[in-house]
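This is what each chain is made of:
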Amino acid sequence: MIRKAIGYLAVVALTAGCDSATTAPPPGVPAGSTALQVLTVPDSVAQHLYSGIKDRRRLVIRDMVTWTQLWNEATQQRQPRPPVPQVDFTREVLIVASMGSRPTGGYSIDIPNVYESGGQRYVVVREVSPGAGCVLTQALTAPVIAVRVSQHAGSTSFVEEPRTRPCT
């Protein structure tokens, strides 16, 4: 009984800590902005480390033709190539961020939040690089992520949030 209570309190404490970190907009996003629900595209390039996208990009994709072209580029090294995830572009858009080619492992990219304020969207892009002393795989990587959010007619700004992963 006591173990269950301690476990429950630990989960609540960890969850509370995570929630408070994601609710306040980061620098570059206006205070009072509304956080939108971010959905990772099923079976997508989300968090894919070995994509075929060799350059740094920040994109808002609004149609299936553009999405299919990007998907084919991102998955060109995968055999068999997975089918293109379907997106309802009448209701949703895709936001894509890529880091470009990196010489080793240890790199990642994420879109933790998308905010809206005054008709403008702010997409937070977090690029994580390995710190000094990290043990890394000696393989070329090209991290990319795609998330879906509701359709939006206004402009979109990308807010960069670079991080270094400590390896001490």
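What you see as residue numbers is a count from 1 along each chain, following the sequence as written. pLDDT decides what is reported in this predicted model: residues at 70 or higher carry local features, side-chain atom pairs at 80 or more are listed and counted, and totals for whole chains, interfaces and linings draw on all residues regardless. Note: side-chain values were computed over all heavy atoms of the structure, leaving out hydrogens and water.

## Some remarks on the overall build of the protein chain
Moving on, step 1. Helix numbering and strand numbering both begin at the N terminus, where a helix is a DSSP run of H or I of at least 4 residues and a strand a DSSP run of E of at least 2. Secondary structure assignment for the protein chain yields two helices and nine strands.
Moving on, step 2. Counting helices and strands in the order they occur from the N terminus, the protein chain gives α-β-β-β-α-β-β-β-β-β-β.
Moving on, step 3. Among the 168 residues that make up the protein chain, the fraction classed as buried is 39%.
Moving on, step 4. Looking at the protein chain as shown, the accessible area adds up to about 9,500 Å², and 58% of this sits on carbon and sulfur atoms. Each residue is placed in one exposure class: buried if its accessible area under a 1.4 Å probe, protein chains only, is under 20% of its type's maximum, exposed if it is over 50%, and partly exposed if it falls in between. Under the convention used here, a 1.4 Å probe and the Shrake-Rupley method define accessible areas, while residue burial counts only the protein chains that appear.

## Digging into the packing of aromatic side chains
Two aromatic rings are characterised by how far apart their centres lie and by the angle between their planes.
Moving on, step 1. Between 30 and 60 degrees the pair is tilted, below 30 it is stacked and above 60 it is edge-to-face, where a pair is any two Phe, Tyr or Trp rings, Trp via its six-membered ring, whose centres lie within 6.5 Å. Going through the model one piece at a time under the given rule, you end up with one aromatic pair.
Moving on, step 2. Criterion for a charge above a ring: Arg CZ or Lys NZ at most 6 Å from the ring centre, at most 35 degrees from the ring normal. If you follow Arg-102 out to its NZ or CZ, it ends over the ring of Tyr-107, 5.6 Å from the centre.

## Details of the side chain of His-152
Moving on, step 1. Here His-152 shows up in the loop between β7 (144-150) and β8 (156-160).
Moving on, step 2. We classify His-152 as buried; its relative accessible area is 11%.
Moving on, step 3. At a separation of 3.1 Å, a polar atom in the side chain of His-152 contacts the main-chain carbonyl oxygen of Gly-119.
Moving on, step 4. Under this definition, polar contacts are N or O atom pairs within 3.5 Å; protein pairs additionally need one hydrogen-donor-capable and one acceptor-capable atom, and for neighbouring residues in sequence, both atoms have to be side-chain atoms. Polar contacts involving the side chain of His-152 include one to the main-chain amide nitrogen of Gly-154, which spans 3.2 Å.

## Structural notes on the side chain of Glu-127
Moving on, step 1. Inspection of the secondary structure puts Glu-127 in strand β6 (residues 120-130).
Moving on, step 2. Here Arg-58 takes part through its side chain, which lies 2.6 Å from a polar atom of the side chain of Glu-127.
Moving on, step 3. Discounting residues that sit within four places of it in the chain, Glu-127 has contacts with Arg-56, Arg-58, Ser-98, Met-99, Arg-102, Ser-108, Ile-109, Glu-161, Pro-162 and Arg-163. Any two residues having at least one pair of non-hydrogen atoms within 4.5 Å are treated as being in contact.

## Looking at the state of the cysteines
A covalent bond between the sulfur atoms of two cysteines is what we call a disulfide.
Moving on, step 1. In this description, the term disulfide denotes a pair of cysteine sulfurs within 2.5 Å. All told, the structure shown has one disulfide when counted by the stated rule.
Moving on, step 2. For Cys-134, the disulfide goes to Cys-167, at an S-S distance of 1.6 Å. The chirality of the disulfide connecting Cys-134 with Cys-167 is right-handed, given an S-S dihedral of about 80°. Residue Cys-134 is located in the loop between β6 and β7, and its partner Cys-167 is located in the segment after β9 (163-165); the two are separated by 33 residues in the primary sequence.
Moving on, step 3. In this structure Cys-167 comes out as partly exposed when scored by relative accessible area, which is 29%.

## Details of the confidence of the model for the protein chain
Moving on, step 1. Model confidence for the protein chain is summarised by a mean pLDDT of 82, while 81% of its residues fall at 70 or above.
Moving on, step 2. Of all helices and strands in the protein chain, the one with the weakest mean pLDDT is helix α1 (residues 2-23) (36), whereas strand β3 (residues 56-61) scores best (97).
Moving on, step 3. pLDDT measures how confident the predictor is about each residue, on a scale from 0 to 100. Confidence drops under pLDDT 50 across residues 1-22; counting only partners more than four residues distant or on other chains, this segment forms two contacts.

## Focus: the environment of Thr-137
Moving on, step 1. Within the fold, Thr-137 resides in the loop between β6 and β7.
Moving on, step 2. With 31 residues separating them in the primary sequence, Thr-137 and Gly-106 have C-alpha atoms 7.4 Å apart.

## Remarks on unusual backbone geometry
Moving on, step 1. The omega angle of the peptide bond from Gln-79 to Pro-80 is -5°, so this bond is cis rather than trans.
Moving on, step 2. Assignment of secondary structure puts Pro-80 in the loop between α2 (64-74) and β4 (92-99).

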